[in-house]
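# Notes for the structure review
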Amino acid sequence: MSVRFDHVSKRFGDVEALVDFTLDVADGEFMVLLGPSGCGKTTALRILAGLEEPTAGAVTIAGRDVTDLPPRQRDVAMVFQNYALYPHMSVYDNIAFGLRMRRIPRREIDRTVREAAATLAIADVLARKPGALSGGQRQRVALARAMVRRPRAFLMDEPLSNLDAKLRAQTRVELIRLHRQLQTTVVYVTHDQVEAMTMGHRIAVLERGRLQQVGEPREIYERPANLFVAEFIGSPSMSFFRGPLRQTDGGGAVVDVPHLPFALDPAQAAAARGAGWAEVVVGVRPEHIVLAEDFGERYAAATFEADIDVVESLGNELHVSLISQGRGMVARLPAGAPVAAGEARRFAVARGHLLLFEPEHGTRLG
Amino acid sequence: MTRQSAGRAALRLLGWLPLYALLAASAAVVMFPLYMTVVDSLQPIAKFLTFPPDFWPHTPVWSNYRAAMTSIPMPRYMANSLIMATVITVGEVVTAALAAYAFSFMRFPFRTPLFFLFLSTMMVPWEISIIPNFQTIQRLNWLDTYQGLTVPFLATAFGTFLLRQHFMSLPRELKDAADIDGYGDLRFLLSVVVPLSRAALATLAVFAFLQAWNQYLWPLLVTNDPNMRTVQIGIASLQSEEVQRTNVVLAGTILALLPMLALVIAFQRFLVRGLTAGALKG
């Protein structure tokens, strides 16, 4: 079912946890709320669940205003970060717990529980207590408990953060599969951009209680709405350079960063001029910084000399920390690129991939 | 290698020795009066007064116990004590669990100040409120009744405090999960909080029972009818009844002690866990 936050705000004492938050989640959509800790994403989820009351605004589920309804009448299921399984009950009872409140016949409950357990491959641990399960199994029990309720929406609060890296990657894929199978609306909270990018149909990025941008993962990555989103999304992070905007002969423009001038494409130059900005911040993704020797100068927006500080090899690629004129930046180079720490090399920034931001408010040009 | 580690093990044992010696000595000091009470309660009165005392009842005189049971209405007293202690225990555990639940899981204005106000009543000695309590009971016409014996003790700040501290250690998400699963407060309390707090509840129950069973002053004040007296008062009247036979009084004391002993032994597993709960989360 569709979910809507309508100008929702929440204050805890002096802290504004959520400010005028409006978001529409379509029926069957996998929506990720992404942001650093304390950004308000969990508050938003708890308000949707009915565990917190908003200070202002309304929440609707399937077109019905549920702002004043208690959690049990909202027909949503939640998966918690630490799973919140009832430790004294067997896995079976944990899964059946929510159903027993709904006066569902015992046989029906039994069938539903066993079905969900089979789907999530926990049928063999139904008699055990949560304490005797591995982290991954607990996670599945928590999912099964949410699943059997056949809720209007799944709310998930960092459900993978307690798993180790390998299991997390595996569970991510399983969640995607599960969602495809169930087609239920999911609102998923995480601070992990990989989870957000891989699982979300759309991502809503929050910071300090304010919605920064909503969009498909690719859009968020390629066209971040502002400096915060640009910096938060992508690993390693984007590098930023600030400088005055200067006209060049022939209608072009240059961002005159000391010792590192960036030549703008004609369209970008026109747009920047049109916006009347005096200074801009240039954002460069690590994959757009390359070795100059591999690169024709005419495809470069900028070339510069840099000292190689640290080379981190990930096997399939290198993350190379550079220092140029006292400024740090990170380049992502293919594995086997001929670089070593301590060397000074010439690098180029690929043309057509520069992102321009207004320095004061951080809004992106275009 | 093995010789070395054997030597080290022996050394470690030697290191423990003083500690165990001290513990054994303390245990002996604590247990000795109790042991002598048991011994003397089984001695004939003639032996009881000899010096040096006899440390073993060579010819146990079980009739001392019969005398203790018959010279005062001991069974009746014990029944009264049992009823009083049971009602107080059940009442205290139930009210404490409900109040502790409210103070730890429900949100309402002034929750923390109210809790501290509640706690502050623990600082007031019971003796201070004994007169107003007595007047209340008298006015209600509850002298010589079980209500009079029990009602003032049905709710205590101590019990609420003990349980609240335990409830606070339960993960908040359990409450959130139960809210979403559709469980109301009472059902959540009964089906999640109580089963997860068995040790704390058992600890409170044992303390409450012990305290109630050992009460002296209050039952003495509110009962005049011998049919309503409790076992501790019984012992006192046994003392005046049996001035000549102190060993019978001791037998009575042992009788009054037995239910307590049984209870503590039965619950000792929980008691240790309850008292150390929070020290080590398990």
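Residues numbered from 1 in each chain as written. Chains lettered and ligands numbered in written order. Predicted model: local features only at pLDDT ≥ 70, side-chain atom pairs only at ≥ 80, totals over all residues. Heavy atoms only, no water.

## What about the overall build of chain A?
Helix and strand content of chain A: nine helices and 20 strands. The principal-axis extents of the C-alpha atoms in chain A amount to approximately 80 × 45 × 35 Å. The buried share among the 366 residues of chain A stands at 53%. In chain A, once contacts between residues fewer than 6 apart in sequence are set aside, the share between residues at least 24 apart is 66%. Of the roughly 16400 Å² that chain A leaves accessible, carbon and sulfur atoms contribute 48%. Averaging the positions of the 44 positive and the 44 negative side-chain charges in chain A gives two centres separated by 9 Å. (Helix = DSSP H or I, 4+ residues; strand = E, 2+ residues; numbered from the N terminus. Buried < 20%, exposed > 50% of the residue type's maximum accessible area, 1.4 Å probe, protein only. Contact = heavy atoms within 4.5 Å. Areas by Shrake-Rupley, 256 points an atom, 1.4 Å probe, with all protein chains shown as cover. Lys, Arg positive; Asp, Glu negative; His and termini not counted. Charge placed at Lys NZ, Arg CZ, Asp CG, Glu CD.)

## Here we look at the overall build of chain B
Scanning chain B from N- to C-terminus turns up 14 helices and zero strands. Of the regular secondary structure in chain B, the N- to C-terminal order runs α-α-α-α-α-α-α-α-α-α-α-α-α-α. Its C-alpha atoms give chain B a radius of gyration of 24 Å, clearly above 19 Å, the size a compact globule of 282 residues would have. For chain B, the spread of C-alpha atoms along the three principal axes comes to 80 × 70 × 30 Å. (Rg over C-alpha atoms; globule rule 2.2 N^0.38 Å.)

## A short note on a nonpolar patch on the surface
Residues and elements named next belong to chain B. Together, Val 90, Val 94, Leu 98, Leu 186 and Leu 190 line one region of the surface with nonpolar side chains, adding up to about 470 Å² of accessible area. Only helix 4 (74-105) and helix 10 (185-196) provide two or more residues apiece to the nonpolar patch. The dominant element in the nonpolar patch, judged by the number of residues it contributes, is helix 4, at three residues. (Patch = residues over 30% accessible without salt bridge, like charges linked within 9 Å, V, L, I, M, F, W, Y side chains within 5 Å. Salt bridge = Lys/Arg side-chain N within 4 Å of Asp/Glu carboxyl O.)

## Some thoughts on the interface of chain A and chain B
Across the boundary between the two partners, chain A contributes 24 residues, which contact 17 residues of chain B. Here chain A packs against chain B, burying approximately 1800 Å² in sum over the two surfaces, 63% of which is carbon and sulfur. For the chain A face of the interface with chain B, the top three residues by lost area are His 88, Phe 97 and Met 101 of chain A, together amounting to 29%. For Asp 181 of chain B, the salt bridge is made with Arg 149 of chain A, and the minimal N-O distance between the two is 3.4 Å. Summed over the shared surface of chain A and chain B, the number is eight residue pairs in polar contact (both at pLDDT 80 or more). Residue assignment for the side of chain A that touches chain B shows that the elements contributing at least two residues are helix 1 (41-49), strand 6 (76-79) and helix 2 (91-100) of chain A. (Buried area = accessible area lost by both parts, 1.4 Å probe. Polar contact = N/O pair within 3.5 Å; in protein donor to acceptor, adjacent residues only side chain to side chain.)

## Description of the environment of Thr 145 of chain B
Residues and elements named next belong to chain B. Counting through the fold element by element, Thr 145 comes out in the loop between helix 6 (126-139) and helix 7 (146-150). Exposure remark for Thr 145: the relative accessible area of 18% places this residue in the buried category. The spacing of Thr 145 and Pro 219 is 74 residues in sequence and 10 Å in space, taken between C-alpha atoms. Among the polar contacts made by the side chain of Thr 145, one reaches the main-chain carbonyl oxygen of Trp 142 at a distance of 2.6 Å.

## Considerations on the packing of helix 9 (residues 172-181) of chain B against helix 10 of chain B
Residue and element names in this part refer to chain B. Following both chains from N to C, one finds helix 9 and helix 10 inclined at 140°, their axes separated by 10 Å at the closest point. In terms of axis orientation, helix 9 runs oblique to helix 10. The handedness of the crossing between helix 9 and helix 10 comes out as right-handed. Only Asp 185, Phe 188, Val 192 and Leu 196 of helix 10 make contact with helix 9, whose side of the interface consists of Leu 174, Lys 175 and Ala 178. Tallied by class, residues from the contact of helix 9 with helix 10 come to five nonpolar, no polar and two charged. (Axes fitted to C-alpha atoms, helices over the stretch in contact; angles between N-to-C directions. Parallel < 35°, antiparallel > 145°, perpendicular 65-115°, else oblique. Left-handed = near helix turned anticlockwise from the far one by under 90°. Nonpolar A, V, L, I, M, F, W, Y, C, P; charged D, E, K, R; others polar.)

## Concerning the packing of aromatic side chains
Between two aromatic rings, the relevant description is the distance of the centres plus the angle of the planes. This structure, assessed with the given rule, holds 24 aromatic pairs over all chains. On the numbers, 5.6 Å between centres and 40° between planes, the contact of Phe 30 of chain A with Tyr 188 of chain A is tilted. Of this pair, Phe 30 of chain A sits in strand 3 (residues 30-34) while Tyr 188 of chain A sits in strand 8 (residues 185-190), placing them 158 residues apart in sequence. Under the relative-accessibility criterion, Phe 30 of chain A is labelled buried at 2%. A relative accessible area of 0% places Tyr 188 of chain A in the buried class. Grouping aromatic residues by their ring pairs yields a cluster made of Phe 103, Phe 108, Phe 115, Phe 116, Phe 118 and Phe 161 of chain B. Positioned above the aromatic ring of Tyr 86 of chain A is the side chain of Arg 145 of chain A, whose terminal nitrogen or guanidinium carbon lies 5.1 Å from the ring centre. (Phe/Tyr/Trp six-rings, centres within 6.5 Å; stacked < 30°, edge-to-face > 60°. Lys NZ or Arg CZ within 6 Å of the ring centre and 35° of its normal.)

## As for the sheet that holds strand 6 of chain A
Residues and elements named next belong to chain A. Strand order in the open sheet formed by six strands is 6-7-8-3-9-10, and the pairing between neighbours is mixed. Among the strands making up the open sheet, the edge pair consists of strand 6 and strand 10 (210-215). Between one strand axis and the next, the sheet turns through 20° on average, direction left out of account. (Pairing = 2+ DSSP bridges.)

## What to know about the domain arrangement of chain B
All names here are of chain B. According to the domain assignment, chain B consists of domain 1 (2-41) and domain 2 (73-276). Contact residues are listed per partner, giving five residues for domain 1 and five residues for domain 2. Counting across the domain 1 and domain 2 interface gives zero salt bridges. Across the domain 1-domain 2 interface, the total number found is zero residue pairs in polar contact (both at pLDDT 80 or more). Along the lines of polarity and charge, the residues of the side of domain 1 that touches domain 2 split into two nonpolar, two polar and one charged. (Domains from an automatic or database assignment.)

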